[in-house]
Amino acid sequence: MKVYDEAGQLLTSAPDLAKGWLEHTKRLVQNHPAQVERSHVEVMPGTENLRHLVMDQPARDAWDEYEAAQIYHPYTPEEQAEHDKPTLEQRVAVAESALLELMLRGAADV
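This report concerns the structure included in the present document. (Residues numbered from 1 in each chain as written. Predicted model: local features only at pLDDT ≥ 70, side-chain atom pairs only at ≥ 80, totals over all residues. Heavy atoms only, no water.)

### As for the side chain of Q70
Mapped onto the secondary structure, Q70 falls in strand β5 (residues 63–74). Residue class for Q70 comes out buried when judged on its relative accessible area of 12%. The residues contacting Q70, other than those within four sequence positions of it, are M1, K2, V3, Y4, L22, E23 and H24. (Helix = DSSP H or I, 4+ residues; strand = E, 2+ residues; numbered from the N terminus. Buried < 20%, exposed > 50% of the residue type's maximum accessible area, 1.4 Å probe, protein only. Contact = heavy atoms within 4.5 Å.)

Here you go:
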């Protein structure tokens, strides 16, 4: 799947997901115009001028061709600050480590 920046430019390297996020979307590749029916009349072989209609191209409505794509959106400074905050699990782990160190110091003093 192709990845584009917000300006629509194709990214040649993998985006840094620590600094932004990906939006899953569809991207217009090409617009195909409507086609009118095309046919012609031919004389049937082995007959006395009997004719039949030969369909060269059937009529077709206009249609758009899409591809699955992703758009990379860099975080705003506010979003980056929120993203960089330590998680609750990280904060608890630091507090547990500090408590354990204090308890070990206290046990060594006894």
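Structure shown, so let's carry the discussion forward.
### Concerning the pattern of salt bridges
The tally for this structure, following the rule as stated, stands at two salt bridges. Taking the shortest distance from any N to any O, the salt bridge between K85 and E82 comes out at 3.4 Å. The residue R105 makes a salt bridge to E101 at a minimum N-O spacing of 2.6 Å. Taken together, the residues R105 and E101, both in helix α2 (residues 88–109) and four residues apart, mark about one turn of the helix. (Salt bridge = Lys/Arg side-chain N within 4 Å of Asp/Glu carboxyl O.)

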